[in-house]
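So you can see what is in the structure, the chains are spelled out below.
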Amino acid sequence: MAANAVHLPTPLNVEEISRKAADYDYDPDIPLRYWLRTADAIQKQAQSYQRDGDDQDAYLFFLRHALLVIEKLPTHSEAKLAENRKPLAQANKVVHRNLKTLEELRPGINKRHQRYEEAMARRREEREKAADERRRNGAQQEASLADEMDGMNLGGNRGDSSINQKRSLEAKEHRDLAAKLARREEKKRRKAYTAEQEGPDDLSKHIIEAGKRGQQTFQDRNDRRSSNGAKFVAAPPRYPTVPQKSDFDMKAKSPPTYRSRESPAREILRQLDSGPPSLPPKEREYSQSPPPLPSKVSYDDRNTPSPVPRSTTATPDVNPRDFTFKPSAFLESGTPLRTIFLPPNLRSKFLSFASQATSMNREFLGILCGTLISNAFFISKLVIPEQEATSDTCEMTDEVGLWEYCDREDLLTLGWIHTHPTQTCFMSSRDLHTHGGYQAQMAESIAIVCAPRHEPSWGVFRLTDPPGLKHILSCRQSGIFHPHSETNLYTDAMKPGHVCELPGLEFEVVDLRK
Ligand SMILES: [Zn+2]
Ligand SMILES: [Zn+2]
């Protein structure tokens, strides 16, 4: 569903953003606890955009969170289960907190849209005047198409100051800036962490509790099934179908129970429309950059010469509020994919952790976690979860431990990395199923496969969409190597793709194994 990650390049009005917020795939066959995780990821992205001063995208993600939690999740077949009541209630609470934020964001968004429209009209008028002038002077030369287009472009680097447009940058051409941003974020987080040293908030706790119970039930079920004494490794969840994405009409997407009356989300939107005069947007406290902290000794690429200057004191501070990274690739459906910045030496560090398992011909697994800054993802943690592996499989055995960690650290899960100790570098059918779970929650999720005994020795992949993601989510087979009728199931995510290696991007290895 997060497959519709959009970045909004030109100022839209609230109605236009609302239509985009409602444009996502909802699959009721995906277990509710996964949807709660997805909702949580949407919420985290909304907060990231808000921190970056990207009000349009913040609005879009806050509203999408509200629509998912209020319209869809209550209709889920597992919504009535006792263990899900609390996390759903908590998610509702978050929506109600967000409503205030949505209300605060609205006037600024509409005002900017209005200024943009006015500036466009002024430009058109100027161009027409100039064309008249040329005709009067009998001059035949016409403004080139490029000039025309440039005149229309109020975004990007030529931003009109009254519109306060961010600079829009190609991720791959501004890696130095990206590396600085990542270091700035890391400092900020370390400061915040030492300042507040507190556990996950109520919502996270409830989601985690529900997850624990869900996982327990799942395992109980599996334990009962595997009565032959062999330890049953929980297979990735089956996601039978994903409905077709419908058009922008939110009414058409509402569940039947709401057809006869106004849907809760509609009601939210209506209340926002007719509510009391909005307060001016609050000056957000995180617009100021924190004072620099001593640089962290971590797994950066200090062993290899880096083209990126390491000094942060000599260069002016970069502010994520000033610019935004453009999406760097597209799904087969045309949906843009935001860039994922990957530390170049993450693989070698991962392989050193995997070496013992590799020597015993067992696969090894790591989880890629990170943050969203200026519309790009930065992988900042390589998490080694509790796991069980064979020569051809590896499975996480304590999902909840990973969730708890990500909540505590305010991190998004961006994909996974695993070894093929004997096989070549490819995605097995089991790998495709595992990855379907990641990509269903976040369109940009990636799978890195390391095959140290073969050439190529590694690859970065994602499912095609279409047809890969839906084909895999609807496949009911569970064998390690089972055939699929579709051939074009996955593709490279780096050569070319939305993944970009970023020299100088530091990361930490976090070992959650007991
Ligand atoms: Zn594999
Ligand atoms: Zn399959």
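Our subject in this report is the structure included herewith. Quick caveat: nothing in here was measured; it's all calculated off a predicted structure. (Residues numbered from 1 in each chain as written. Chains lettered and ligands numbered in written order. Predicted model: local features only at pLDDT ≥ 70, side-chain atom pairs only at ≥ 80, totals over all residues. Heavy atoms only, no water.)

### Let's talk about the overall build of the chain
Part 1 of the argument: Counting secondary structure elements, the chain contains 13 helices and 15 strands.
Part 2 of the argument: Long-range contacts, defined as pairs at least 24 residues apart, comprise 79% of the intrachain contacts of the chain with a sequence gap of at least 6.
Part 3 of the argument: As presented, the chain carries roughly 23,900 Å² of accessible surface, and 50% of it is formed by carbon and sulfur atoms. (Helix = DSSP H or I, 4+ residues; strand = E, 2+ residues; numbered from the N terminus. Contact = heavy atoms within 4.5 Å. Areas by Shrake-Rupley, 256 points an atom, 1.4 Å probe, with all protein chains shown as cover.)

### So, the environment of Ala354
Part 1 of the argument: As for its placement among the helices and strands, Ala354 is situated in helix H10 (residues 346-359).
Part 2 of the argument: A residue is classified by how much of its surface remains accessible, and Ala354, at 0% relative accessible area, is buried.
Part 3 of the argument: The contact partners of Ala354, leaving out residues within four places of it in the chain, are Phe364 and Thr419. (Buried < 20%, exposed > 50% of the residue type's maximum accessible area, 1.4 Å probe, protein only.)

### Brief notes about H10
Within an α-helix, residues lying three or four positions from one another point in the same direction, as the helix has 3.6 residues per turn.
Part 1 of the argument: Its 14 residues give H10 an end-to-end C-alpha distance of 20 Å, which sits within 8% of 20 Å, the value for a rise of 1.5 Å per residue.
Part 2 of the argument: Of all the bends found along H10, the most pronounced is centred on Phe353 and spans about 50°.
Part 3 of the argument: By the burial criterion, the buried members of H10 are Leu346, Arg347, Phe350, Ala354, Ala357 and Thr358.
Part 4 of the argument: Of the surrounding secondary structure, the elements contacted by the buried residues of H10 are strand S6 (365-373), strand S7 (376-384), strand S10 (412-419), strand S11 (446-450), strand S12 (458-463) and strand S14 (499-501).
Part 5 of the argument: Residue Asn361 follows H10 closely and has a positive phi angle near 55°. (Expected span 1.5 Å × (residues − 1). Bend = angle between axes of the 7 residues up to and from the residue.)

### Some words on the coordination of the zinc ion (ligand 2)
Around a metal, the perfect tetrahedron of four donors has angles of 109.5 degrees, and the perfect octahedron of six donors has angles of 90 or 180 degrees.
Part 1 of the argument: The protein atoms that coordinate the zinc ion (ligand 2) are His433 (NE2), Cys475 (SG), His482 (NE2) and His484 (NE2), at distances of 2.0 to 2.2 Å.
Part 2 of the argument: Note that the zinc ion (ligand 2) binds four donor atoms; their angles at the metal cover 97 to 119°, and the shape is tetrahedral.
Part 3 of the argument: Here the donor residues for the zinc ion (ligand 2) map to a single chain with the spacing H-x41-C-x6-H-x1-H. With His433 in helix H12 (residues 429-441) and His484 in the loop between helix H13 (468-473) and strand S13 (490-492), this residue pair connects regions lying 51 residues apart in the sequence.
Part 4 of the argument: On the basis of relative accessibility, which here comes to 18%, the residue His484 falls in the buried class. (Donors = N, O, S within 2.8 Å, 3.2 Å for Na, K, Ca; no water. Tetrahedral: all angles 85-135°; square planar, octahedral: opposite > 155°, others 65-115°.)

### Some points on the packing of helix H2 (residues 32-51) against helix H4 (residues 82-137)
Part 1 of the argument: Running from amino to carboxyl end, H2 crosses H4 at an angle of 20°, the nearest separation of the two axes being 11 Å. Regarding the angle of H2 to H4, the classification is roughly parallel. Two packed elements cross with a definite hand, and for H2 against H4 that hand is left-handed. For the pair H2 and H4, the contacting residues are Leu32, Leu36, Gln43 and Gln50 in the first and Asn84, Pro87, Leu88, Val94, Asn98 and Thr101 in the second.
Part 2 of the argument: Per-class residue counts for the contact of H2 with H4 are five nonpolar, five polar and no charged. (Axes fitted to C-alpha atoms, helices over the stretch in contact; angles between N-to-C directions. Parallel < 35°, antiparallel > 145°, perpendicular 65-115°, else oblique. Left-handed = near helix turned anticlockwise from the far one by under 90°. Nonpolar A, V, L, I, M, F, W, Y, C, P; charged D, E, K, R; others polar.)

### As for the pairing of S12
Part 1 of the argument: Of all six residues in S12, six are buried, a share of seventy percent or more.
Part 2 of the argument: Residues Trp458, Val460 and Arg462 line one face of S12 and the alternating positions Gly459, Phe461 and Leu463 line the opposite face, and both faces are buried.
Part 3 of the argument: As paired elements, S11 and S12 share four bridges and run antiparallel to each other. The residue of S12 that forms the bridge with Cys450 is Trp458.
Part 4 of the argument: In the sheet, S12 pairs with S13 via three bridges, with the strands oriented antiparallel. Considered in S13, the bridge of Phe461 is made with Asp492. (Pairing = 2+ DSSP bridges.)

### As for the pairing of S10
Part 1 of the argument: When you tally the buried positions in S10, you get seven out of eight residues, the bulk of the element.
Part 2 of the argument: With six bridges joining them, S6 and S10 adopt antiparallel strand pairing. The partner of Gly366 across the bridge, within S10, is Ile417.
Part 3 of the argument: Bridge analysis of S10 against S11 gives five bridges, and the strand direction is parallel. Within S11, the position partnered with His418 by the bridge is Val449.
Part 4 of the argument: What joins S10 to S11 is H12, and the crossover it makes is right-handed. (Right-handed = clockwise from strand over helix to strand, strands pointing away.)

### Comments concerning the pattern of salt bridges
Part 1 of the argument: Tallied over the entire structure, the rule returns 17 salt bridges.
Part 2 of the argument: Among the ionic pairs, Arg135 bridges to Asp132, the shortest N-O distance being 2.6 Å. A residue pair is termed a helical-turn pair when its members lie 3 or 4 positions apart in one helix, as Arg135 and Asp132 do in helix H4 at three residues.
Part 3 of the argument: Residue Asp132 is classed as partly exposed on the basis of its relative accessible area, which comes to 34%.
Part 4 of the argument: Note that Glu501 and Arg347 form a salt bridge whose closest N and O atoms lie 3.2 Å from each other. Placement of Glu501 in strand S14 and of Arg347 in helix H10 is noted, with a sequence separation of 154 residues between them.
Part 5 of the argument: Connected through salt bridges with shared partners, the residues Arg37, Asp40, Lys44 and Asp407 form a single ionic network. (Salt bridge = Lys/Arg side-chain N within 4 Å of Asp/Glu carboxyl O.)

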